[in-house]
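Chain by chain, the residues run as shown.
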Amino acid sequence: MNKSEYVHTMLGHQSALDAFLAGLNDAQRSQPNVCGIWSTKDLVAHFPAWTRYVTSIVRAHVRKRPVTPHELWGHAAPPSHLKDDALNEWMVEQTRDWSFGDVAGVNREVNMQLIGTVEMLTEDELLDPDLEIAGLGWKKGKPLWQVLASMSHEHVDDHLTGLRASLGV
């Protein structure tokens, strides 16, 4: 996949997500326990956290400077002892008092930041499976676009399958 195709793919996923979210009513957006213990709003608040994380690492690489905790998380860094589900819950808790429109807007904004970051990359950086980026040591052997996809729209798609089933839509 080249850079232009990848950007087109990301824009298509964002448009599809926007359309899906716009089609939900208030009850579907706020109903608890539609995705484990989370509401749809909580799930949407969770989406940009990992996209922001990987975007800020790649953006720091492009700009040749260290990434800050604020860039990684959008606020203060989480407690270092949190892992997996506890970390995800912490991320959602940071937006607990936000409206559905606010969390959907941040999700869109973070996805547009990712697209802008991809545009800053060279084609070779996006496709090179051996590219080393500080903070992404676990990407070994994968082209960067695959890492970005797994942390953004593929992550969202995985959750949306269960959400659609829970909501019956």
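Quantities reported herein were computed from a predicted structural model and do not represent experimental measurements.

Focus: the pattern of salt bridges
Stage number 1. Tallying each qualifying case throughout the model produces 5 salt bridges.
Stage number 2. We note a salt bridge from R96 to D42, for which the minimum N-O separation is 2.7 Å. Of this pair, R96 sits in the loop between helix 5 (84-93) and helix 6 (100-120) while D42 is found in helix 3 (residues 40-63), placing the two residues 54 residues apart along the sequence.
Stage number 3. Relative accessible area serves as the criterion here: at 8%, D42 is assigned to the buried category.

A few points about helix 1 (residues 3-22)
Stage number 1. An ideal rise of 1.5 Å per residue puts 28 Å on 20 residues; helix 1 measures up with 28 Å between its terminal C-alpha atoms.
Stage number 2. Of the residues making up helix 1, those classed as buried are K3, Y6, V7, M10, Q14, L17, F20 and L21. All buried residues of helix 1 fall inside an arc of 155° around its axis, so they share one side. Residues of helix 1 that are exposed and angled more than 90 degrees away from the buried face: S4, H8, A19 and A22.
Stage number 3. Those residues of helix 1 that are buried lie in contact with helix 2 (26-30), helix 3, helix 6, helix 7 (123-127), helix 8 (144-151) and helix 9 (153-167).
Stage number 4. The backbone nitrogen of S4 lies 3.1 Å from a side-chain oxygen of the residue at the head of helix 1, namely N2.

Quick notes on the nonpolar core
Stage number 1. Residues Y6, V118, L144 and L148 are the most contacted members of the largest nonpolar core, which totals 29 residues.
Stage number 2. Those elements that provide at least two residues to this core are helix 1, helix 3, helix 4 (69-73), helix 5, helix 6 and helix 8.
Stage number 3. V118 has contacts with K3, Y6, V7, M10, L126 and L148, leaving out every residue within four places of it along the chain.
Stage number 4. Counting 18 residues, the second largest nonpolar core, distinct from the first, contains F100, V156, L160 and L163.

Notes on unusual backbone geometry
Stage number 1. At N33, a position not held by glycine, the phi torsion is positive, near 65°.
Stage number 2. Structurally, N33 can be placed in the loop between helix 2 and helix 3.
Stage number 3. The class for N33 is exposed, based on a relative accessible area of 52%.
Stage number 4. The phi dihedral of K64 falls on the positive side, at around 55°, and the residue is not glycine.
Stage number 5. Residue position: K64 is located in the loop between helix 3 and helix 4.
Stage number 6. The exposure class of K64 is exposed, given its relative accessible area of 74%.

About the cut-offs
Residues numbered from 1 in each chain as written. Predicted model: local features only at pLDDT ≥ 70, side-chain atom pairs only at ≥ 80, totals over all residues. Heavy atoms only, no water. Salt bridge = Lys/Arg side-chain N within 4 Å of Asp/Glu carboxyl O. Helix = DSSP H or I, 4+ residues; strand = E, 2+ residues; numbered from the N terminus. Buried < 20%, exposed > 50% of the residue type's maximum accessible area, 1.4 Å probe, protein only. Expected span 1.5 Å × (residues − 1). Arc of directions from axis to C-beta. Contact = heavy atoms within 4.5 Å. Polar contact = N/O pair within 3.5 Å; in protein donor to acceptor, adjacent residues only side chain to side chain. Core = buried A, V, L, I, M, F, W, Y, C linked by side-chain atoms within 4.5 Å.

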